[in-house]
Amino acid sequence: MSTPSAPLPVASARTRSSFFTQGRLAVAALFLLLTLFLAVNVLSSALFTSTRLDLTEEGLFSLSDGTEALLESIEEPVTLKFYYSEALGREVPFYGIYAGRVRDLLDEYAARSDGKVRVEVYDPEPFTELEDRAVADGLQQIPLQEGGEQVFFGISGTNLTDDLEVIPFLQPERETFLEYDISRLIYSLAKPKRTVLGIVTSLPMQGTVRMNAMGQQTPVAPYILADQIGATYETRYLDAEFDKIPDDVTVLMLAHTAELGPRAQFAIDQFLLGGGKALVIIDPYSETEGGQAQFFGQLAPERSNLATLFDHWGVIYDPTRIAADRLTARKVQPGEGRRPVDYVVWLELKGGNIDQSSPITTNVGTLAVASAGHIALADGAAVTMTPLVSTSLGSSELNVEQVKGMRSPEALLRSYEPGPKPLVIAARLTADKMTTAFPDGPPEKMLKEGDEAPSAEDDATYKAKFPQVLTESTAPLDVIVVTDSDILADRFWVRVQQFFGRRVPVPVAGNGDFVLNSLDALSGSSTLLGLRGRGSTSRPFDVLEQIEREAEKQYAAREEQLQKTLADTQQRFDELRRRMPDGSAAIVTEKEQAEIEAYRQEILRIRSELRAVQRSVREDVDRLETSLWFYNIALVPILITVLALILAFWRSLRRRRRHASAAAG
C-alpha cells in the first residue's frame, strides 16, 4: 500500500513561485531605490546649491557668522576672479584637490551673497591674454619645472570703483585660514574707507637694518603683524616725541614705546578723553629687543611703562616683575644633548587662561607670551578691569634680573614656588567718566641732556594745538592693556616660509588674531572678529602634555642627580687616565686597574639607570598612544565583526524557528 504523494509537488511549486515573486520584488525595490537616489541627488544639486551639512568640529566647510554678516552688509557688487592653471593640478594632484576646495568655498560666497559677490574662474594658459591679465592683477607666477611652464593659483577682487585686492598665491599651508583671507579681501573692497590707526613704537615693526657679529649690515623683515594690520587699517606711525595725536586717528596703538615725555602722555590723555581708543602694549623685559639691544647697539628700551596715566587710573604695574607659570610653561631646549625643559616665563596660555566670553578672545586658541608682566587694580581705582588673558592658579612672580643674560630654565624650574592667585596678562579697562591726569593743563617739555629750553614762541605754538583742554571725558574710556610686547614678534607665534621670494606666514599661536581682534573691537569693526582663529596649525594633545608634565615632575630630581653623578664620575675617570703616560698599560698596578674598571662599571651603571628614568617619563605616554591606536584602528573593526556575527547568528536562529514552525504546521 503506497503513501499518497500528490500534494508535495504542489507545495514545491508554490515555494518556487513565492521565491521568484520575492526575488522580482527585491530587484524592483532596488531599482526604485536607485532611481530615487539619483532623483534626489539631481534635485538637490539643482534646488539646494547653497545648502550643505558640515560635521567638522570647527565648521571649516561652512561660512561663519562673521562672513554672513559681511555679505549682508555689502552695498555694491564685488567681483572675485579665481585664476587657476589646470596644468598645476595635473602635475601636482594635491593642488588640484585644494583648488576644488577653493572653488566650492567661492561658490558658497556667491550663493550666500544674493548676487553681491560674483565669481569668475579662469585658466590662464601661457602666452595668452588671460596670462597678461593675471600678471597685471598682481598674481604670482610659479614654474612647474625649472625653465618650464608658469602657472597661477590665486584670487583678485575688484569693486565698482576699480579698487584691487589680491591673494597672489593660495598656499595649502594656510587652508585653515582660507575663509578669513577671502573675507578680508571682500571686506577691503566693500569698505574702501579704512580706519586710521596711529602707531607709536620702538620695535622694528616696519623692518630695520642691524649689524651682525661680523660688522655687516643685515636687513630685518617687517613684522608679519605689521603687514596684517596695514592690510586692514590705514596706519600712521608717529614719532616717540609727538605732542599731539592727529585729528583723523581713531585708534592709537602704543607698542613698547621708549620713555614718553609729559607732553606725549598729555596728548594721549586728551585723545582718550575726547573719545579715542587705545591698545597699550607694555613689557617689563622685551625678549626681542631688550635681549639684543647691547649686541646690536640698538636704542630700543628693555622695558616700557605708562606710569602717569596708570597711576591716575588706579592701575598697578611693576616694570621689574615678570609673571611665571609652571602649568603653561613652554618647553625649550636648554642645551645640546639635553632634554627639553619647561621655561616658566615663556608661556602658552589657552583654555581657562583666556576669557572665552569676550569677542576679542572667543576664537583665540593659544596665546604665546615671553617674560610678560601683569597688572592689577588699586583700591578705589577709577577704571573697571575685565581680564582677557591670565596665568594659571598658583602662578608666581620673578624679578626681571632673574631672566636677563645667561639664564637657566632648569634653575628657574627648580626654584619655582607657586603663588596664591592668577596674574592678569591682558585686560580691557573701561570707565563711564574719567578726569584728566593733567589738571594743570599742558605740561612743560621734558628736556634731555643738551636740549635747549623751548622759547615762548614754541610754547605758544604748542598750546595752540589744544584750543580746548579737556578736564573730563566726553565719551566712555576704552583701553586694552597687554603686558608683553613679544606677542608681536614673529618668532613667538608664526612660522614664516619663503615661497619664490614671498613670505608666507603660517600661525602656530593666536597672537595675531588677538591683536587684530583687539584693534577691531576698539575701532567698532567686529565683522572679522569671528573669522580669525578658526584654524591654528598648532593642535596640541592636552592629555598627553599633562601626562608628560607629571612624569617629568616626578622623575626630574632623580634625573638631575644621576646626570651630576655621571658628570663627576666621568671627570674622575678622565683625570685618572690623563695621569697615566702613553704606553704605560703594561706597568699599571692591579690597584689602578681595579680603580679604572670600577669607574667604568659605575659609568655604565649610571647610564643604564639614567636611561631607565628617562624611559619612565615616556611609559604613560606610550601606554596612552597604544590605547589610542587600538581604539582608532582595531576597536571599530572588532565591534563591527562581533555585531555581524551576532546578526548572522540571530538570523540563522530565526530561519530555524521558521522552518520548525512550518514543519510543525
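Residues numbered from 1 in each chain as written. Predicted model: local features only at pLDDT ≥ 70, side-chain atom pairs only at ≥ 80, totals over all residues. Heavy atoms only, no water.

### Some words on the pairing of strand S17 (residues 366-370)
Consideration 1: Most of S17 is tucked away: 5 of the 5 residues are buried.
Consideration 2: Residues of S17 alternate between two faces, with Thr-366, Ala-368 and Ala-370 on one and Leu-367 and Val-369 on the opposite face, all of them buried.
Consideration 3: Relative to S17, strand S16 (residues 341-350) runs antiparallel, the two being bridged by 5 bridges. Paired with Leu-349 across the two strands is Leu-367, which belongs to S17. (Buried < 20%, exposed > 50% of the residue type's maximum accessible area, 1.4 Å probe, protein only. Helix = DSSP H or I, 4+ residues; strand = E, 2+ residues; numbered from the N terminus. Pairing = 2+ DSSP bridges.)

### Some words on the pattern of salt bridges
Consideration 1: Applying the stated criterion across every chain yields a total of 14 salt bridges.
Consideration 2: With a closest N to O distance of 3.8 Å, Glu-68 and Arg-112 form a salt bridge. In this pair, Glu-68 sits in helix H2 (residues 65-73) while Arg-112 sits in helix H4 (residues 93-112), placing the two residues 44 residues apart along the sequence.
Consideration 3: Taking relative accessible area as the criterion, Arg-112 reaches 37% and is therefore assigned partly exposed.
Consideration 4: Put simply, Asp-248 and Arg-236 hold a salt bridge, and the shortest N to O gap is 2.8 Å. A residue pair is termed long-range when its members are at least 10 positions apart, and Asp-248 in the loop between strand S10 (234-237) and strand S11 (251-255) and Arg-236 in strand S10 qualify at 12 residues.
Consideration 5: Take Asp-248: its relative accessible area is 37%, and that puts it in the partly exposed class.
Consideration 6: A residue is classified by how much of its surface remains accessible, and Arg-236, at 26% relative accessible area, is partly exposed.
Consideration 7: One network of salt bridges, in which partners are shared, links Glu-68, Glu-108 and Arg-112. (Salt bridge = Lys/Arg side-chain N within 4 Å of Asp/Glu carboxyl O.)

### Considering the nonpolar core
Consideration 1: Counting 43 residues, the largest nonpolar core has Met-253, Leu-488, Phe-514 and Val-515 as the members making the most contacts within it.
Consideration 2: The contacts of Val-515, once residues within four sequence positions are left out, are Leu-225, Ile-229, Met-253, Leu-279, Ile-487 and Leu-488.
Consideration 3: Of all hydrophobic cores here, the second largest spans 40 residues; its members include Val-249, Leu-273, Ala-278 and Val-479. (Core = buried A, V, L, I, M, F, W, Y, C linked by side-chain atoms within 4.5 Å. Contact = heavy atoms within 4.5 Å.)

### Some remarks on a positive patch on the surface
Consideration 1: The grouping of Arg-651, Arg-654, Arg-655, Arg-656 and Arg-658 at the surface amounts to a positive patch.
Consideration 2: Turning to its location among the elements, Arg-658 is positioned in helix H15 (residues 590-664). (Patch = residues over 30% accessible without salt bridge, like charges linked within 9 Å, V, L, I, M, F, W, Y side chains within 5 Å. Areas by Shrake-Rupley, 256 points an atom, 1.4 Å probe, with all protein chains shown as cover. Lys, Arg positive; Asp, Glu negative; His and termini not counted. Charge placed at Lys NZ, Arg CZ, Asp CG, Glu CD.)

### A word on a nonpolar patch on the surface
Consideration 1: Together, Trp-629, Phe-630, Ile-633, Ile-638, Val-642, Leu-643 and Ile-646 make up a nonpolar patch on the protein surface, roughly 680 Å² of accessible area in all.
Consideration 2: Examined against the element boundaries, Ile-638 turns out to sit in helix H15.
Consideration 3: The exposure class assigned to Ile-638 is partly exposed, which follows from its relative accessible area of 41%.

### Brief notes about the packing of aromatic side chains
Consideration 1: Applying the stated rule across the entire model yields 16 aromatic pairs.
Consideration 2: Plain terms: the ring middles of Phe-310 and Trp-313 are 6.1 Å apart, the flat faces sit at 50° to each other, and that makes the pair tilted. With Phe-310 and Trp-313 both in helix H10 (residues 307-313) and 3 residues apart, this pair spans about one turn of that helix.
Consideration 3: For Phe-310, a relative accessible area of 2% gives the class buried.
Consideration 4: Exposure remark for Trp-313: the relative accessible area of 2% places this residue in the buried category. (Phe/Tyr/Trp six-rings, centres within 6.5 Å; stacked < 30°, edge-to-face > 60°.)

### Focus: the sheet that holds S16
Consideration 1: If you trace the 3 strands from one edge of the open sheet to the other, you get S15-S16-S17, paired in antiparallel fashion. Looking along the sheet, the strands with just one partner apiece sit at the ends: strand S15 (329-332) and S17. Between one strand and the next, the sheet's axes are offset by a mean angle of 45°, whatever the strand orientation. (Axes fitted to C-alpha atoms, helices over the stretch in contact; angles between N-to-C directions.)

### Quick notes on the sheet that holds strand S5 (residues 153-158)
Consideration 1: Pairing is mixed in the open sheet, where 4 strands are placed in the order S2-S1-S5-S6. Two strands close off the open sheet at either side, each with one partner strand: strand S2 (117-122) and strand S6 (164-167). In this sheet, neighbouring strand axes are inclined to one another by 20° on average, regardless of whether the strands run parallel or antiparallel.
Consideration 2: Examined bridge by bridge, strand S1 (residues 78-84) and S5 share 6 bridges and lie antiparallel to one another. Among the inter-strand pairings, Tyr-84 is bridged to a residue of S5, identified as Phe-153.
Consideration 3: Against the sheet, H4 engages S1, S2 and S5, with an angle of about 170° to S1.
Consideration 4: Against the sheet, helix H6 (residues 178-190) touches S1, S2, S5 and S6, its axis set at about 170° to S6.

### Some details on the confidence of the model for the protein
Consideration 1: Summary statistics for the protein give a mean pLDDT of 80 and a share of 75% for residues scoring 70 or more.
Consideration 2: Per-element averaging of pLDDT across the protein places helix H9 (residues 290-296) at the bottom with 44 and strand S13 (residues 315-317) at the top with 97.
Consideration 3: Across residues 291-298, where pLDDT falls below 50, the model places 10 contacts with residues more than four positions away in sequence or in other chains. (pLDDT = per-residue confidence, 0-100.)

### Notes on the side chain of Asn-511
Consideration 1: Turning to its location among the elements, Asn-511 is positioned in helix H13 (residues 511-523).
Consideration 2: Overall, Asn-511 belongs to the buried group, its relative accessible area being 0%.
Consideration 3: Here Ala-368 takes part through its backbone oxygen, which lies 2.8 Å from a polar atom of the side chain of Asn-511. (Polar contact = N/O pair within 3.5 Å; in protein donor to acceptor, adjacent residues only side chain to side chain.)

### Re the environment of Tyr-416
Consideration 1: By secondary structure assignment, the location of Tyr-416 is in the loop between helix H11 (409-414) and strand S21 (424-431).
Consideration 2: Separated by 3.4 Å, the side chain of Tyr-416 and the backbone nitrogen of Arg-326 make a polar contact.

### Thoughts on H4
Consideration 1: When the terminal C-alpha atoms of H4 are compared, their 29 Å separation across 20 residues agrees well with the 28 Å that a helix rising 1.5 Å per residue should span.
Consideration 2: Buried within H4 we find Tyr-95, Tyr-98, Ala-99, Arg-101, Val-102, Leu-105, Leu-106, Glu-108 and Tyr-109.
Consideration 3: Following H4 by one or two positions, Asp-114 has its phi on the positive side, about 55°. (Expected span 1.5 Å × (residues − 1).)

### Considerations on the packing of H4 against H6
Consideration 1: At a closest axis distance of 11 Å, the pairing of H4 and H6 adopts a crossing angle of 45°. On the basis of their axis angle, the class for H4 and H6 is oblique. Judged by the twist between their axes, the crossing of H4 over H6 is right-handed. Contact residues: H4 offers Tyr-98, Arg-101, Val-102, Leu-105, Leu-106 and Tyr-109, while H6 offers Leu-178, Glu-179, Ile-182, Ser-183 and Ile-186.
Consideration 2: Looking at the contact of H4 with H6, its residues break down into 8 nonpolar, 1 polar and 2 charged. (Parallel < 35°, antiparallel > 145°, perpendicular 65-115°, else oblique. Left-handed = near helix turned anticlockwise from the far one by under 90°. Nonpolar A, V, L, I, M, F, W, Y, C, P; charged D, E, K, R; others polar.)

### A look at the environment of Ile-182
Consideration 1: Looking at the secondary structure, you find Ile-182 in helix H6.
Consideration 2: Judged by its relative accessible area of 2%, Ile-182 is buried.
Consideration 3: Along the backbone, Ile-182 and Thr-67 are 115 residues apart, and their C-alpha atoms lie at a distance of 9.5 Å.
Consideration 4: In this structure, Ile-182 is in contact with Leu-80, Leu-105, Leu-106, Tyr-109, Ile-155 and Ile-167, ignoring residues within four places of it in sequence.

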